[in-house]
Amino acid sequence: MPPADLRAWIRLLEREGELVRIAAEVDPDLEITEIVDRTVKSGGPALLFERPRGSDHPLLINQFGTERRMCLAFGEPTLDDVARKLEDVIELQPPQGLAEKVRGLRKLKSIADSMPRSVRRGPCQEVVLTGDDVDLDLLPIQRCWPGDPAPFVTLPAVITRDPRTGTRNVGMYRMQKIDRRSTFMHWQIHKDGRMDYLASDGRLEVAVALGLDPVTAYSASAPLPKHIDEFMLAGFLRGEAVELVGAKTVDLEVPANAEIVLEGYVQQGEVGQEGPFGDHTGYYTPAEPFPVFHVTALTMRRDAIYPSIVVGKPPQEDAWLGKATERIFLPAIRMTVPELVDYDLPVAGAFHNCAIVSIRKAFPGHARKVMHAVWGLGLLSLTKCVVVVDADVDVHDYAEVFFTVGANVDPKRDLLLSEGPLDHLDHAPTLQFVGGKLGIDATRKGPAEGTRPWPDEIAMSPEVRELVDRRWVEYGIDLEAPMENGRPTPRRSLFSRAKRRD
Ligand SMILES: Cc1cc2nc3c(=O)[nH]c(=O)nc-3n(C[C@H](O)[C@H](O)[C@H](O)COP(=O)(O)O)c2cc1C
Ligand SMILES: [Mn+2]
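Described in the following lines is the structure provided in the data block. Computed from a predicted structure; not experimentally measured. (Residues numbered from 1 in each chain as written. Chains lettered and ligands numbered in written order. Predicted model: local features only at pLDDT ≥ 70, side-chain atom pairs only at ≥ 80, totals over all residues. Heavy atoms only, no water.)

**Notes on the packing of helix α1 (residues 6–15) against helix α3 (residues 67–74)**
Helix-helix packing: each pair is described by the crossing angle between the helix axes and the interaxial distance.
Right, on to step 1. Axis separation between α1 and α3 bottoms out at 11 Å; the angle between their running directions is 130°. Judged by the inter-axis angle, α1 sits oblique to α3. Here the hand of the crossing between α1 and α3 comes out right-handed. Here Trp9, Leu12 and Leu13 of α1 lie close against α3, whose contacting residues are Arg69, Leu72 and Ala73. (Axes fitted to C-alpha atoms, helices over the stretch in contact; angles between N-to-C directions. Helix = DSSP H or I, 4+ residues; strand = E, 2+ residues; numbered from the N terminus. Parallel < 35°, antiparallel > 145°, perpendicular 65-115°, else oblique. Left-handed = near helix turned anticlockwise from the far one by under 90°. Contact = heavy atoms within 4.5 Å.)

So this is what it looks like as structure tokens:
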């Protein structure tokens with residue numbers, strides 16, 4: 001079972017040798033970033049800074065920084081196992097026999113049990129500061145990069161409600177500190193929180209939860225369709241409903257187990273210049289207008305722990321939050337694109353720059369159909385470059401993908417230049433938000449698509465592979481790289497491979 005709250009998570013990390021406590025006083029102004037950057041890039045542990053300068057609250061960072069910790073957070077051996085849990089309910093079919101009916105009911109119950117549950121009290125409200133007592137200076141908010149003009153809250157779960165439908169949304173949107181009682185709210189143009197803001201008749205109440213159990217924290221970053229409550233996904237993935245308690249000064253509910261909660265509101269038309277910010281693109285996002293978030297209450301546990309994350313030139317800690325989404329959403333994508341076998345969003349591509357997709361190709365033009373499907377799917381629609389390969393290519397093995405693109409592509413015939421919406425943070429297009437897209441069809445073609453017959457790829461016969469496997473010791477050749485399916489495992493660069501589906 002995944003950890004119930006941030007403290008249970010910290011205990012688990014400690015038991016697993018995955019956390020280091022730093023007793024020395026360290027400055028949240030830049031110094032922590034440099035420490036974390038080095039730690040993340042060498043696959044190091046989560047860090048609990050016990051004495052961040054200027055604050056009584058410890059700061060937790062790099063909790064998500066490796067695949068192993070991400071799997072510990074979800075309580076599953078691999079991220080594909082997390083995805084399989086969802087696949088099970090997504091693919092629920094009318095049951096046949098009695099045994100299947102019982103299994104089906106159990107699955108339906110797991111969905112019903114995922115709905116958030118209201119409770120009367122929560123540790124997140126042990127301390128309640130309202131009005132003039134609200135003071136963001138109490139928290140060790142990090143200034144991450146030298147060009148950042150102020151400290152930024154970087155790991156928040158921002159809770160809003162759609163004024164028309166009443167549906168809750170939870171998003172992870174960074175918040176630049178303005179003063180003791182206000183921040184900016186950086187919901188980008190394609191995000192659900194911003195839709196709620198635009199739908200409001202002036203003022204929109206907002207609550208921000210900080211320091212959650214890791215699955216609920218992850219769920220804030222999950223790109224669910226607008227009408228689905230991210231806390232429901234969290235409840236499902238945790239196997240236990242998220243418990244919510246009524247906020248003190250706004251009509252919203254917040255996770256009872258949070259370390260810290262900020263309550264308040266944004267007002268339409270009240271915007272200021274947010275940024276620049278050293279962003280996950282590896283560049284500074286220039287200053288842009290975003291709404292001001294007024295904090296009406298700061299509630300917290302008595303000895304609250306403040307969670308943070310640093311983004312920047314990839315790979316950074318957010319790589320594994322992105323990889324979790326890549327894996328967890330595969331079954332959902334397959335619902336609409338069933339020919340899709342697997343996909344990979346390279347960390348170095350900052351997730352929106354490139355998608356590698358493998359398909360079971362069944363008809364001429366099929367690769368192009370899938371490119372358009374990707375460009376029509378949720379936030380994947382912002383993908384700048386889509387590479388399509390056949391089902392037998394391992395999309396997580398970038399050397400194999402590069403080989404396939406080089407070998408199978410006639411640039412004149414196989415590149416599709418299109419256009420459409422692009423990521424808010426993409427600085428390359430001439431206009432912000434919209435620009436060119438590239439599709440690369442690296443599948444095998446043939447006469448049906450108007451080309452010469454396609455040659456066969458070279459492969460040794462299975463009998464000879466088995467023979468050599470059997471006799472290997474006899475030859476006395478000591479190879480360093482272990483064999484995998486009869487060939488040496490390719491050397492993979494950092495983060496190039498999330499675990500392959502079985
Ligand atoms: C560490 C981290 C920081 C993020 N910061 C922002 C941000 O400042 N603004 C934003 O719009 N999205 C940001 N995102 C991405 C959103 O959280 C993500 O797109 C999510 O789907 C938004 O929720 P929504 O789909 O309900 O709008 C961030 C993601 C992570 C992992
Ligand atoms: Mn959403």
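**Regarding the coordination of the manganese ion (ligand 2)**
Right, on to step 1. Only Asn169 (OD1), Asp192 (OD) and Glu230 (OE) from the protein coordinate the manganese ion (ligand 2), and they sit 2.1 to 2.2 Å from it.
Right, on to step 2. Along the chain, the residues that donate to the manganese ion (ligand 2) are spaced as N-x22-D-x37-E. Remark: Asp192 occurs in helix α6 (residues 192–199) and Asn169 occurs in strand β8 (residues 168–171); sequence separation between them is 23 residues.
Right, on to step 3. The exposure class of Asn169 is buried, given its relative accessible area of 1%. (Donors = N, O, S within 2.8 Å, 3.2 Å for Na, K, Ca; no water. Buried < 20%, exposed > 50% of the residue type's maximum accessible area, 1.4 Å probe, protein only.)

**Some thoughts on the site of ligand 1**
Right, on to step 1. Near ligand 1 you find 20 residues, and of these Met172, Tyr173, Arg174, His186 and Asp192 are the closest.
Right, on to step 2. One of the side-chain N or O atoms of Asn169 is found 2.9 Å from an oxygen atom in ligand 1.
Right, on to step 3. Between ligand 1 and Tyr173 there is a distance of 2.7 Å, counted from an oxygen atom to a side-chain nitrogen or oxygen.
Right, on to step 4. Taken by itself ligand 1 offers 630 Å² of open surface, and the protein chains cover 88% of this.
Right, on to step 5. Among the residues forming the shell around ligand 1, the class breakdown is 10 nonpolar, 6 polar and 4 charged. (Near = heavy atom within 4 Å. Polar contact = N/O pair within 3.5 Å; in protein donor to acceptor, adjacent residues only side chain to side chain. Areas by Shrake-Rupley, 256 points an atom, 1.4 Å probe, with all protein chains shown as cover. Nonpolar A, V, L, I, M, F, W, Y, C, P; charged D, E, K, R; others polar.)

**Things to note about the side chain of Asn408**
Right, on to step 1. Within the secondary structure layout, Asn408 lies in helix α12 (residues 398–408).
Right, on to step 2. Looking at Asn408, the relative accessible area reads 12%, which means it is buried.
Right, on to step 3. If we ignore the near neighbours within four places in the chain, the residues touching Asn408 are Arg413, Asp414, Asp441, Ala442, Thr443, Arg444, Lys445 and Trp454.

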